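Breakdown of the fold
The residues making up each chain are set out below.
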Protein chains: 2
Amino acid sequence: MTYTAPAPAALDTMLDAVSFDASGLVAAIAQQHDTGEVLMIAWMTREALQETLQTGRVCYYSRSRKKLWRKGETSGQVQHLHEARLDCDADAVLLLVNQIGVACHTGRRSCFYRAFEPQGLVELTKPEIDPNQLYGHTHT
Amino acid sequence: MTYTAPAPAALDTMLDAVSFDASGLVAAIAQQHDTGEVLMIAWMTREALQETLQTGRVCYYSRSRKKLWRKGETSGQVQHLHEARLDCDADAVLLLVNQIGVACHTGRRSCFYRAFEPQGLVELTKPEIDPNQLYGHTHT
């Protein structure tokens, strides 16, 4: 992990190139950088993307809680940024990350753990960590 | 490629499990099934996802053109479905595909061809196909 943050001026120029939607959001896909496993998809505001690029720790925006969501802040399952990429129409980013532990709130490595199979939806993986252990009882 | 379409009843049950948003959409990430390369992100309506699962050829929904977008219909750069997966909150799908040619309208294999680097956005790849050749002059 040798992520290098951009200088402030370069960062601003890059953020200006991103097309945030009417709600101020871009889609963000997290992919484990060395295995290629797609872990999750979430959303980012300009502020979330800026923090992510500055710190090298992935920060999303929670649409339900309407605030910055520093991935792993509660659960410890942080995402270290390896490289961020922007797509052709600049409204989605791909985050190549090193995921500590699991990405999914169900305790699974990836959120995409169900497959559309001929007989119906099939679970491909079991939780690696008990979700109660991930979030403790801090939210009582 | 041995994709097997689900039976109609199983397909309906699976589609009912998907949480389409207020606009009737889910995000769909396309990933090359054997290399892990993330190719693009687009959107699907229930009808688009149904057609994709039935035919094994990926069909998105174009938000700008407001109609089904059978990937490769104009350009020939089709996506053959290998497996589709649903995420934990059921509002995004991951499509493991075999991409024929290139996914990006710029002629590049992946739409995520720009990296956020310390000095600014850097193009990682050049077009493999001339975009004019992809779309010809059928849209004059």
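Now for a description of the structure that goes with this document. (Residues numbered from 1 in each chain as written. Chains lettered and ligands numbered in written order. Predicted model: local features only at pLDDT ≥ 70, side-chain atom pairs only at ≥ 80, totals over all residues. Heavy atoms only, no water.)

Here the focus is the side chain of glutamine 32 of chain A. Residues and elements named next belong to chain A. By the element assignment, glutamine 32 lies in strand β1 (residues 26-32). One polar contact links glutamine 32 to aspartate 34, side chain to side chain, over a distance of 2.7 Å. Of the polar contacts made by the side chain of glutamine 32, one reaches the side chain of asparagine 98; its length is 3.1 Å. Ignoring any residue separated from it by four or fewer positions in sequence, one finds glutamine 32 in contact with Glu37, Leu39, Val97, Asn98, Gln99 and Arg109. (Helix = DSSP H or I, 4+ residues; strand = E, 2+ residues; numbered from the N terminus. Polar contact = N/O pair within 3.5 Å; in protein donor to acceptor, adjacent residues only side chain to side chain. Contact = heavy atoms within 4.5 Å.)

This part is about the relation of the copies chain A and chain B. Screw-axis analysis of chain A against chain B gives a translation of 0.0 Å along the axis, an RMSD of 0.0 Å, and a rotation angle of 180°. Interpreted geometrically, this transformation is the action of a two-fold axis. Among all C-alpha atoms of chain A, that of glycine 36 of chain A lies closest to the rotation axis, at 2.5 Å. A share of 100% of the interface residues of chain A reappears at the interface of chain B, consistent with the copies meeting face to face through the same patch. (Least-squares fit on C-alpha atoms with pLDDT ≥ 70 in both.)

Let us look at the packing of aromatic side chains. Geometry of an aromatic ring pair is reported as the spacing of the ring centres plus the angle between the planes. Counting across every chain of the model gives three aromatic pairs over all chains. An angle of 25° between the planes, with centres 6.2 Å apart, marks the rings of tryptophan 43 of chain A and tryptophan 43 of chain B as stacked. One end of the pair, tryptophan 43 of chain A, is in strand β2 (residues 38-44); the other, tryptophan 43 of chain B, is in strand β2 (residues 38-44), on a second chain. Taking the centre distance of 5.2 Å and the plane angle of 45° together, the rings of tyrosine 60 of chain B and tryptophan 69 of chain B count as tilted. Taking relative accessible area as the criterion, tyrosine 60 of chain B reaches 0% and is therefore assigned buried. Above the ring of tyrosine 113 of chain A, the side-chain terminus of arginine 108 of chain A is found at 3.8 Å from the ring centroid. (Phe/Tyr/Trp six-rings, centres within 6.5 Å; stacked < 30°, edge-to-face > 60°. Buried < 20%, exposed > 50% of the residue type's maximum accessible area, 1.4 Å probe, protein only. Lys NZ or Arg CZ within 6 Å of the ring centre and 35° of its normal.)

These figures capture arrangement, not role.
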